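Coordinate analysis (summary)
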Amino acid sequence: MGIEDFGGGQGPQPDVLVVTTNDVPGYQVRQTIGEVFGLTVRSRHLGSQIGAGLKSIVGGELKGLTKTLVETRNQAMDRLIEQARARGANAVLMFRFDVTEAADVGTEVCAYGTAAVIDPLP
């Protein structure tokens, strides 16, 4: 597995900019649309559970589970961006993730933030 299997985020020149900050340097917030979120719940794969159990005996990274979590976070972020775009936003400010266990059968990942319309400063 290469490093690309363990990362996420946006590519260059996104149509909806997602940032963890309150504002974007060089831009002004023209309109605040409101909260947007993307949610996904993934069940655990039996094979990865067995592998994780064995790996926990000797220690080390659980690469299969890491890759699954990255894919899950990316899916949640994609859904957040789709919702922001559908509501007319070109930015999501104060972007965050929330990860919780879902009834001992999977992992819930929620990506959330504030949808906004931003314009370059004059």
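Anyway, here's the lowdown on the structure attached to this text. Here the structure is a predicted model, which is why all the values come from computation and not from measurement.

Moving on, we come to the sheet that holds strand E2 (residues 27-43). Taken in spatial order, the 4 strands line up as E1-E3-E4-E2 in an open sheet, and their pairing is mixed. Looking along the sheet, the strands with just one partner apiece sit at the ends: strand E1 (17-18) and E2. With 2 bridges joining them, E1 and strand E3 (residues 91-102) adopt parallel strand pairing. In the strand pairing of E3, Val-18 is matched with Val-92. Packed onto the sheet, helix H2 (residues 63-86) meets E1, E2, E3 and strand E4 (106-120) and runs at close to 140° relative to E2.

On to the environment of Arg-96. Mapped onto the secondary structure, Arg-96 falls in strand E3. The sequence separation of Arg-96 and Gly-113 amounts to 17 residues, and the corresponding C-alpha distance is 6.3 Å. In this structure Arg-96 touches Thr-20, Cys-110, Ala-111 and Tyr-112, once residues within four positions along its chain are discounted. Here the side chain of Arg-96 touches Thr-20 through a polar contact of 3.0 Å, landing on its backbone oxygen.

What counts as what
Residues numbered from 1 in each chain as written. Predicted model: local features only at pLDDT ≥ 70, side-chain atom pairs only at ≥ 80, totals over all residues. Heavy atoms only, no water. Pairing = 2+ DSSP bridges. Helix = DSSP H or I, 4+ residues; strand = E, 2+ residues; numbered from the N terminus. Contact = heavy atoms within 4.5 Å. Axes fitted to C-alpha atoms, helices over the stretch in contact; angles between N-to-C directions. Polar contact = N/O pair within 3.5 Å; in protein donor to acceptor, adjacent residues only side chain to side chain.

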